[in-house]
Every structure is written in structure tokens, then in C-alpha cells.
Amino acid sequence: MRKIALAFIIIVQSGWLYAQTTDDALRLSFDRNSGTARSLSLSNAMGALGGDYSSIGINPAGIAVYRSSEFSFTPSLHINSTNSDYYGTAANDEKMSFPLQQVGFVGTYKPVRETTDGLVSTHFAIGYNRSNSFNKTTFFQHNGVESSLLDEFVYQADGLSTSQLDWSPRLRVAYDSFLFDPLNEAAKTDENLPTAYYHAFEDLDEAGEPFWGLDNGGLNQRRLLTEKGYAGDFHISGGANFSNSFYIGGTLGVATHNYSKEVQHSEEVNPGNTHWDYLNNYTFDESLSTNAIGVNLKVGTIFKPTNALRLGFAFHSPTMYAIDEEFEYATHLEPGFADYNSYYSVIQEFSYNLRTPYKLIGSFAYIFGASGLISLDYEFTDYTSMRFKSSSSNSVDDVEFFSDLNNQVQETFTSTHNLRIGAEVKPTEVLSLRGGAALYQSPYNSNYLNSNDTFYSFSGGLGYRMNNMYIDLAYMLRREKYIQSLYYSGFVANIEQDIYNETGELVEFQKPAEVVSNNHQVAVTLGWRF
């Protein structure tokens with residue numbers, strides 16, 4: 001079962017068609033919240049605290065904790081470094097960006113006659129919180145790989161006629177580039193004849209069966225994955241404070257998601273294969289662009305049974321996204337191998353809808369008078385509730401496709417239980433020192449390779465208050481360890497014989513890479529209260 005799950009995930013990651021995959025659903029649903037510097041330094045454990053603009057995005061009741069009106073904004077610096085291990089060969093890359101994490105206004109309105117019973121104050125807020133940043137580059141390299149990306153093409157094309165390759169622009173451009181050919185010669189002239197295929201790094205034996213032709217060092221592989229983009233919410237919030245002990249709030253959000261990915265995968269015959277006189281090297285490019293807009297609703301409460309104790313609860317509705325995707329593929333060949341040095345697919349465009357999972361957040365905070373506080377958030381997210389839907393038609397084919405895709409979502413993902421904790425100490429009346437940590441479970445089902453992925457963060461910071469102005473500084477390290485599969489072929493995976501290299505090590509024909517991503521965030525929040 002685990003091998004089947006591994007096969008499915010790798011096929012999804014490599015993309016039969018780029019449109020609508022389970023990975024798209026996860027990327028649109030998985031948040032890496034940033035926000036204000038105070039929230040960041042407490043690892044976003046803000047659900048029961050309130051009184052901070054980013055806390056409104058976690059528990060909208062936090063707006064009712066404000067005692068005055070406020071304007072704030074948070075510029076930041078992100079440095080994302082990635083380290084990959086592919087067949088034991090290490091590689092690293094780094095990318096820097098300067099996002100605006102948050103900007104917002106909170107208005108506080110009190111009755112003409114101030115009271116401590118009943119309705120004490122009402123509140124209104126409008127602004128923006130960033131929920132994700134995708135800017136990073138990941139590099140993979142290894143010499144002597146005993147399989148090829150072309151193995152995946154052959155595996156996916158198996159049993160299709162050459163005309164049916166039009167179903168996948170990815171396969172079509174690779175076939176047109178002569179990177180793989182039909183085993184049945186008749187299929188070259190009869191475009192409707194189903195056939196098996198073999199690729200440019202394979203040879204044929206006397207019986208006409210393909211075999212790996214590079215038995216003296218395989219291929220030298222390089223892959224560069226470049227990702228860009230961001231996600232965030234523009235929102236309007238409202239709330240009320242009752243007797244300084246019960247707070248309620250709600251937020252209507254407009255979510256935006258902009259993401260692009262470029263993959264450059266190159267393979268070159270290892271110089272040890274001196275007998276090889278066919279294709280020596282090629283590069284395969286893939287690009288994806290996603291733009292989405294959606295709406296969501298958040299509601300929450302905070303209850304203060306004593307001056308020191310605060311309990312919070314929040315519900316985040318699913319975000320209903322309308323998504324537009326555009327993708328294309330290209331091959332670049334050594335001169336003289338084919339009629340052209342480069343081949344390009346037709347640019348493909350797809351539109352569809354997605355419902356992200358709902359979230360439940362329970363929060364606890366204890367205030368130690370004027371000395372400090374401790375805060376804890378528990379978050380439940382049901383990733384099995386993600387759902388795709390066609391945006392344009394209800395044809396039988398569309399209904400069947402999205403039904404199958406939604407079944408894959410339910411099989412691939414599971415619910416997660418995430419924890420965030422933060423603490424603040426005030427050595428003086430105007431200075432605060434803060435720290436926090438968070439642990440996030442992998443959203444993948446336990447039967448899947450990526451179920452062992454880990455996501456956690458550590459943070460710290462300080463704040464300084466001066467009359468009606470404040471400044472907060474924060475640093476967060478967000479570390480993610482995960483498996484990245486470059487390609488998959490069931491034909492290669494089913495090779496059962498044990499083959500050892502000259503040093504006595506077992507040869508692994510297709511191995512996923514291990515990746516560690518370290519995202520360093522430095523943020524500064526400037527705020528004015530009036």
C-alpha cells in the first residue's frame with residue numbers, strides 16, 4: 001500500500017496535467033501566517049490575547065479587546081534558504097524578499113457615558129494580513145543517476161496512441177522533440193494505434209524490448225525549482241466588548257493567491273558511457289502560473305472569567321476560491337539531434353473552483369499582571385474536506401473528473417492538530433521581551449511518503465511603548481523538512497533484482513530528494529494609538 005501511495009504522490013507532483021492536482025489544493029489551503037511583529041514573536045499564539053491586528057485574523061474577537069483606535073503596518077525581510085540531498089549529493093540555494101506583512105486600521109467606539117457593565121465598546125477594522133509567501137529556489141544535483149525523467153514520460157504514455165498524447169501537452173512536446181518513440185513502428189503512421197514506448201536513453205534488444213542503455217555511470221542530473229508569489233486576506237472586521245469579560249467578533253475576508261513555478265530539469269550522459277552515440281543532453285522546462293480570489297468568514301469569542309485568565313474559540317469557514325491557471329512546457333536539445341533545437345507546447349489555460357478546509361481554534365492565555373503572559377493556541381484543520389469543482393460546466397466528463405480528484409484528496413490527506421505557544425515578559429513598563437514556538441503536523445495520510453514531513457518554528461522579539469506610539473521587532477525561523485520527488489515510473493519501480501555498484505552499495509533507480517527549507521523572517525511593526 002505504501003508503494004502505491006508513493007507512486008500516486010510522485011505522479012501528482014510531476015504532473016500529468018498541471019491543472020487541478022491534490023498539491024494545488026494543499027498549496028491553496030496551507031497557511032504560513034506572518035502578520036505583526038508582536039504576533040510573529042509569539043509564534044502567532046494570539047487567539048486568546050487580542051488587542052493586536054494579526055490576532056483578528058486568528059480570532060476575530062481579538063478586535064474587541066482594543067481600548068483605543070489604532071493604525072499599524074509591518075514591513076519585513078524574508079531570507080529563504082533550501083538544502084537538498086539527492087542520492088547523497090547536497091545542494092543549496094537562497095532567495096531574499098521584502099514583503100509587507102500587514103497594514104490595518106482599528107476603530108474603537110465607546111458610549112458617551114462609559115460603563116463597565118453591558119456593552120462597553122464596539123469596534124471596526126479594515127486592512128490586510130499576509131498568510132503565505134512562496135518565494136524560494138531549490139536546487140537538486142547528482143551524477144550517475146540510473147534512471148531518467150524520460151522514464152516517467154514513457155510510463156505515462158504507455159498504451160496511448162500518438163494522437164492521444166494531445167491529452168497531455170507535457171507528453172506531446174516531449175514526443176515531438178523525439179525524447180521518446182513508439183515501440184510499434186506502425187504507430188508512427190497510424191496515429192490511432194495504441195502502443196508502448198521507449199525513450200532516448202534506452203536501446204532495444206534482439207527481441208525488440210527496451211533496456212537502459214547507460215550502464216557506465218548513468219546520467220548527470222540537475223534541477224532548479226523557482227517559486228514566487230504570496231497569499232493574503234483583505235478583510236473587514238467588527239466586534240463588541242461586553243462587561244470587559246466577554247468579547248465577540250467576526251471577519252469577512254477576500255483572499256488572494258498569486259503563485260508561479262518554473263522547473264528546469266537537465267540531464268547529460270555521464271562521460272563514462274563512451275559507447276553512447278545518441279542523445280547526449282537535453283533540458284525540459286515547465287512553468288505554472290496561478291491566480292485565485294476567494295471569500296471566507298471567521299467568527300470568534302474570548303471569555304475572561306478572571307482578570308488573569310482568558311479563553312478563546314474561533315471558527316474559520318472554508319475559503320471559496322475561483323482559480324485561473326496557465327502552464328506551458330518546452331524542451332531544449334543539443335544541436336543536430338532533431339529538426340529544431342527547442343520545442344514549445346501550446347500555452348494551456350484552466351479555470352476551476354476550490355473549497356479549502358475549515359479550521360477550529362481553541363486558545364488559552366494567562367496574564368501575570370503587569371509582568372508578562374503566556375499564551376497557547378490549538379488548531380484543528382480537516383484537509384480531507386478540501387473540494388474541487390468545475391467553474392464552467394456540469395458535463396458528465398467534468399463531474400466524473402472532479403469526483404475522482406476529490407476522492408484522491410480524501411485518500412491523500414488527513415486532519416491535523418497544530419500547537420502554538422508564546423510568552424511575554426515585561427522587565428519595565430515600556431519594554432517587552434517575547435518568545436514562541438509552533439509545531440504543525442503533516443497534512444498527508446499516514447500511508448503516504450510525505451506523512452513524515454515536519455513543520456515547526458521558533459521566534460523571539462521585543463516591543464517598546466512610548467506614549468501613543470509603539471514599535472515591535474521580531475525574528476522567526478520557520479523550518480520545513482519534506483520529501484521532493486523529481487519523477488516516477490512504475491516500470492522502473494517494479495525492477496526487483498538487486499544491483500550493486502562497484503563499491504558494493506545497492507543501486508536505487510529512482511529516489512526522492514530530502515529537502516530542508518529554512519525561512520528567516522525579520523519584521524518591524526510601527527503603530528499609533530489614538
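A few points on the structure.

What counts and what doesn't
- Residues numbered from 1 in each chain as written.
- Predicted model: local features only at pLDDT ≥ 70, side-chain atom pairs only at ≥ 80, totals over all residues.
- Heavy atoms only, no water.
- 1 Å grid on protein atoms, 1.4 Å probe; cavity = no way out; pocket = protein on both sides within 12 Å on 5 of 7 lines; lining within 4 Å.
- Points joined across faces, edges and corners; volume = space filled by probe spheres on them.
- Helix = DSSP H or I, 4+ residues; strand = E, 2+ residues; numbered from the N terminus.
- Nonpolar A, V, L, I, M, F, W, Y, C, P; charged D, E, K, R; others polar.
- Core = buried A, V, L, I, M, F, W, Y, C linked by side-chain atoms within 4.5 Å.
- Buried < 20%, exposed > 50% of the residue type's maximum accessible area, 1.4 Å probe, protein only.
- Contact = heavy atoms within 4.5 Å.
- Expected span 1.5 Å × (residues − 1).
- Arc of directions from axis to C-beta.
- Polar contact = N/O pair within 3.5 Å; in protein donor to acceptor, adjacent residues only side chain to side chain.
- Patch = residues over 30% accessible without salt bridge, like charges linked within 9 Å, V, L, I, M, F, W, Y side chains within 5 Å.
- Areas by Shrake-Rupley, 256 points an atom, 1.4 Å probe, with all protein chains shown as cover.
- Salt bridge = Lys/Arg side-chain N within 4 Å of Asp/Glu carboxyl O.
- Lys, Arg positive; Asp, Glu negative; His and termini not counted.
- Charge placed at Lys NZ, Arg CZ, Asp CG, Glu CD.
- Pairing = 2+ DSSP bridges.
- Phe/Tyr/Trp six-rings, centres within 6.5 Å; stacked < 30°, edge-to-face > 60°.
- Lys NZ or Arg CZ within 6 Å of the ring centre and 35° of its normal.

1. A closer look at the layout of surface pockets
If a probe the size of a water molecule is rolled over the atoms, the empty space left behind becomes visible.
Alright, step 1. There is about 1200 Å³ of room inside the largest pocket.
Alright, step 2. The wall of the largest pocket is formed by 41 residues, among which Arg38, Val65, Arg67, Arg310 and Arg529 lie closest to the centre.
Alright, step 3. Sorting the residues of the lining of the largest pocket by element identifies β4 (119-133), β18 (372-382), β21 (431-440) and β23 (469-484) as the ones contributing at least two each.
Alright, step 4. With three residues, the top contributor of residues to the lining of the largest pocket is β23.
Alright, step 5. Looking at the lining of the largest pocket residue by residue, the class counts come to 11 nonpolar, 15 polar and 15 charged.

2. Here's the deal with the nonpolar core
Alright, step 1. If you look at the biggest cluster of nonpolar residues, it comprises 43 residues, and the most contacted ones within it are Tyr86, Phe153, Leu165, Phe180, Phe201, Tyr282 and Phe284.
Alright, step 2. Here this core gets five residues from one element, more than from any other, and that element is helix α5 (residues 149-157).
Alright, step 3. Residues contacting Leu165, with those up to four places away along its chain left out, are Ala157, Leu160, Leu171, Arg172, Tyr175, Phe180 and Tyr197.
Alright, step 4. In terms of nonpolar packing, the next biggest core, distinct from the first, is built from 22 residues, Tyr321, Phe388, Ala438 and Tyr440 among them.

3. Details of helix α7 (residues 396-412)
Alright, step 1. For α7, spanning 17 residues, the distance from its first C-alpha to its last is 24 Å, which sits close to the expected 24 Å at 1.5 Å a residue.
Alright, step 2. Those residues of α7 that sit buried are Phe402, Leu405, Asn406, Val409 and Thr412. What you see down the axis of α7 is that its buried residues fit within an arc of 125°, all on one side. More than 90 degrees from the buried face of α7, the exposed residues found are Val396 and Asp397.

4. Considerations on the environment of Asn192
Alright, step 1. Along the chain, the position of Asn192 falls in the loop between β6 (180-182) and β7 (197-199).
Alright, step 2. Separated by 31 residues in the primary sequence, Asn192 and Ser161 have C-alpha atoms spaced 5.2 Å apart.
Alright, step 3. Contact partners of Asn192, with chain neighbours within four places excluded, come to Ser161 and Ser163.
Alright, step 4. A polar contact is formed between the side chain of Asn192 and the side chain of Ser163, at a distance of 3.3 Å.

5. Here we look at empty space enclosed by the protein
Alright, step 1. According to the stated counting rule, one finds six cavities of 30 Å³ or more in the structure shown.
Alright, step 2. Per-element tally for the lining of the second largest cavity: the top contributor is β4, with four residues.
Alright, step 3. Residues that form the lining of the second largest cavity fall into these classes: nine nonpolar, 19 polar and eight charged.

6. Overview of the side chain of Ser148
Alright, step 1. With respect to the helices, strands and loops of the structure, Ser148 is situated in the loop between β5 (136-145) and α5.
Alright, step 2. A relative accessible area of 0% places Ser148 in the buried class.
Alright, step 3. At 2.9 Å, the side chain of Ser148 forms a polar contact with the backbone nitrogen of Leu150.

7. A short note on the environment of His142
Alright, step 1. Locating His142 in the fold gives a position in strand β5.
Alright, step 2. Given a relative accessible area of 15%, His142 falls into the buried group.
Alright, step 3. C-alpha of His142 to C-alpha of Ala91: the two residues are 51 residues apart in sequence and 9.2 Å apart in space.
Alright, step 4. Beyond its immediate stretch of four places on either side in the chain, His142 contacts Tyr86, Tyr87, Thr89, Leu219, Asn220, Gln221 and Arg222.

8. Some remarks on a negative patch on the surface
Alright, step 1. A cluster of acidic side chains, namely Asp203, Asp205, Glu206, Glu209 and Asp277, defines a negative patch on the protein surface.
Alright, step 2. Inspection of the secondary structure puts Asp205 in the loop between β8 (202-204) and β9 (210-212).

9. Description of the pairing of strand β14 (residues 320-333)
Alright, step 1. Where strand β12 (residues 281-303) meets β14, 14 bridges bridge the pair, whose relative direction is antiparallel. Counterpart to Tyr282 in the pairing with β14 is Leu333.
Alright, step 2. Sheet topology places β14 next to strand β16 (residues 348-355); eight bridges connect them, and they run antiparallel. What sits directly across from Glu326, in β16, is Glu349.

10. As for the packing of aromatic side chains
Alright, step 1. What the rule picks out here adds up to 28 aromatic pairs.
Alright, step 2. Their ring planes at 25° and their centres at 6.4 Å tell us that Phe71 and Trp528 sit as a pair that is stacked. You can see Phe71 sitting in strand β1 (residues 70-86) and its partner Trp528 sitting in strand β24 (residues 513-529), a full 457 residues away along the chain.
Alright, step 3. Centroid distance Phe413 to Tyr444: 5.1 Å. Interplanar angle 40°. Geometry classified as tilted. With a gap of 31 residues between them, Phe413 in the loop between α7 and β20 (415-425) and Tyr444 in the loop between β21 and β22 (454-466) connect regions that are remote in the sequence.
Alright, step 4. Within the aromatic cluster, the residues linked to one another by ring pairs are Phe153, Tyr175, Phe180, Tyr197, Phe284, Phe327, Tyr329 and Phe350.
Alright, step 5. In this structure, Arg27 packs its charged tip against the face of Tyr259, placed 4.0 Å from the ring centre.

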